[in-house]
Protein chains: 2
Amino acid sequence: MKTPTRNRRAEILEAAADLFAARGFHGVSIEDIGAAVGVSGPALYRHFSGKEALLAEMLLDISERLREQGARLATTADPDTAEAALDALLSGHIEFALTHPALIRVHERELDNVPEQARRAIRRLQRLYVEEWVTVLSELHPACPPARLRAATHAVFGLLNSTPRSAGELAPEAMADLLRTMARAALSRL
Amino acid sequence: MKTPTRNRRAEILEAAADLFAARGFHGVSIEDIGAAVGVSGPALYRHFSGKEALLAEMLLDISERLREQGARLATTADPDTAEAALDALLSGHIEFALTHPALIRVHERELDNVPEQARRAIRRLQRLYVEEWVTVLSELHPACPPARLRAATHAVFGLLNSTPRSAGELAPEAMADLLRTMARAALSRL
DNA sequence: GGAGTCTGTTAATGATGATTAACATCCGAG
DNA sequence: CTCGGATGTTAATCATCATTAACAGACTCC
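Named according to an unreviewed UniProt entry, chain A is TetR family transcriptional regulator originating from Microbispora catharanthi.

Here it is in structure tokens:
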């Protein structure tokens with residue numbers, strides 16, 4: 001019982017993500033989360049210091065993954081073709097959103113329930129990710145003021161993150177294609 | 001004390017909308033809502049049969065307003081220019097989103113907390129509103145399959161409804177302009 | 001072969017919170 | 001006037017929940 005135990009934390013985080021996505025942080029009890037992974041209630045305290053800490057770790061992980069991915073893709077090869085960098089960012093985000101709809105949903109909705117300190121860290125990561133996009137976009141639209149680029153970036157995130165809401169309507173492939181097409185168009189004329 | 005009383009219900013709905021938008025349905029107590037309008041706690045039961053009923057009425061009202069607006073704008077004058085109808089729908093939705101960010105947020109997030117029966121009614125209204133858009137879009141893109149048009153509509157809503165998240169970055173005027181530009185572009189090539 | 005760490009379990013404990021009861025006020029109608 | 005309805009108030013009631021206690025099996029390392 002050593003190997004399976006290693007996965008417990010991750011297992012809990014995953015189950016909790018699904019539950020939070022479906023019913024919201026306050027709509028899910030510790031007992032619910034425990035049940036979802038086959039243990040009951042207070043067992044979670046062996047892995048996390050509390051419910052908020054669990055959420056904090058979850059959001060930190062998501063934000064960190066997005067930021068890391070952003071930093072990696074934005075600097076992709078050709079520094080002259082900002083166009084290519086934008087495409088890479090787009091594809092990366094879409095892939096993430098389609099693969100982890102629950103995480104996207106929680107990331108979008110539950111920041112307010114994270115304790116102050118962690119919230120600051122998460123916000124910082126989110127800001128860095130946005131800045132990655134803004135940097136690329138400012139190369140494509142040098143005349144566009146930064147505030148507008150930032151707002152445009154948030155708007156595109158809203159578009160891309162709509163996935164969890166229109167789930168099932170379209171096959172993942174078709175959905176990815178649609179989102180890429182729409183986002184590219186939306187960002188082409190700023 | 002007759003005239004001011006007439007407003008009580010609306011006053012409560014408004015205060016509750018702001019609170020739900022900020023902290024989520026489960027994150028707000030009846031006591032909180034009462035305090036926000038200057039009465040305390042159980043007084044709300046003189047106006048609503050319960051917390052869920054309050055939310056249900058709120059979402060029904062929002063969905064109804066959007067649907068009504070959609071039905072009105074989509075049929076606007078020129079039936080030949082689907083282009084104009086789309087612009088009208090866009091401007092209407094943007095105006096609503098910028099004017100009532102809290103309502104948009106609640107409408108987007110809290111449907112799951114509404115009791116079954118009301119939820120069905122709300123979903124029906126939402127569906128009608130979406131179909132209004134799909135009808136217009138199908139005229140502009142006759143070759144595009146309906147499922148794709150529906151997904152595109154949801155995606156554009158995601159874009160337009162990003163307002164509450166990027167609040168303050170831009171002046172309302174500039175924001176409306178940006179959203180209109182991006183949405184038009186996103187919907188131009190499906 | 002036993003001490004210690006890891007993970008769990010099932011009972012408290014203590015808050016918070018929705019809803020209801022019992023009891024005032026105020027105001028317009030008759 | 002005074003009766004009734006509309007609105008409120010405060011004090012129960014009853015659940016639900018996060019968190020902590022107390023206790024137990026299992027596996028590791030010595």
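Caption draft 1: Summary view of the packing of helix α7 (residues 146–160) of chain A against helix α8 (residues 172–188) of chain A. Residue and element names in this part refer to chain A. With their axes 10 Å apart at the nearest point, α7 and α8 run at an angle of 165° to one another. Considered as vectors, α7 and α8 are oriented roughly antiparallel to each other. Note on packing geometry: the crossing formed by α7 with α8 is right-handed. Only L179, M182, A183 and L187 of α8 make contact with α7, whose side of the interface consists of A152, V156, L159 and L160.

Caption draft 2: Representation of the interface of chain A and chain B within the structure. Taken together, the contact between chain A and chain B spans 35 residues of the former and 35 residues of the latter. Summing both partners gives a buried area of about 2,800 Å² for chain A against chain B, and 61% of it is carried by carbon and sulfur. Taken together, the connections running from chain A to chain B amount to six salt bridges. A salt bridge links B:R150 to A:E169; the nearest nitrogen and oxygen atoms lie 3.6 Å apart. Linking chain A with chain B are five residue pairs in polar contact (both at pLDDT 80 or more).

Caption draft 3: Seen up close, the pattern of salt bridges. For the structure on display, the rule yields 26 salt bridges over all chains. Here A:R148 ties to B:D177 by a salt bridge, and the two come within 3.3 Å at their closest N and O atoms. Separated into two different chains, A:R148 in helix α7 and B:D177 in helix α8 (residues 172–188) make up a pair that spans both. Judged by its relative accessible area of 35%, B:D177 is partly exposed. Measuring nitrogen to oxygen at the nearest pair gives 3.2 Å for the salt bridge that ties B:R8 to B:E11. Of the two residues, B:R8 and B:E11 are both situated in helix α1 (residues 3–23); the distance of three residues between them amounts to about one turn of the helix. B:E11 sits in the partly exposed class, given a relative accessible area of 31%.

Caption draft 4: Quick look at the relation of the copies chain A and chain B. The operation relating chain A to chain B is a screw motion whose rotation component is 180°, with 0.0 Å of axial translation and a residual RMSD of 0.0 Å. In symmetry terms, the pair is related by a two-fold rotation axis. Mapped onto chain B, 100% of the interface residues of chain A are again interface residues, and the two copies thus contact each other with one and the same surface.

Caption draft 5: Focus on the protein's contact with DNA strand C. A:R8, A:R46, A:H47, B:I30 and B:Y45 are the nearest of the 17 residues found near DNA strand C. When atoms of DNA strand C within 4 Å of the protein are sorted by moiety, sugar and phosphate together comprise 56%. If one sorts the elements of the surface near DNA strand C by residue count, helix α1 (residues 3–23) of chain A sits on top with three residues. Residues that form the surface near DNA strand C fall into these classes: seven nonpolar, five polar and five charged.

Parameters and conventions
- Residues numbered from 1 in each chain as written.
- Chains lettered and ligands numbered in written order.
- Predicted model: local features only at pLDDT ≥ 70, side-chain atom pairs only at ≥ 80, totals over all residues.
- Heavy atoms only, no water.
- Axes fitted to C-alpha atoms, helices over the stretch in contact; angles between N-to-C directions.
- Helix = DSSP H or I, 4+ residues; strand = E, 2+ residues; numbered from the N terminus.
- Parallel < 35°, antiparallel > 145°, perpendicular 65-115°, else oblique.
- Left-handed = near helix turned anticlockwise from the far one by under 90°.
- Contact = heavy atoms within 4.5 Å.
- Buried area = accessible area lost by both parts, 1.4 Å probe.
- Salt bridge = Lys/Arg side-chain N within 4 Å of Asp/Glu carboxyl O.
- Polar contact = N/O pair within 3.5 Å; in protein donor to acceptor, adjacent residues only side chain to side chain.
- Buried < 20%, exposed > 50% of the residue type's maximum accessible area, 1.4 Å probe, protein only.
- Least-squares fit on C-alpha atoms with pLDDT ≥ 70 in both.
- Near = heavy atom within 4 Å.
- Nonpolar A, V, L, I, M, F, W, Y, C, P; charged D, E, K, R; others polar.

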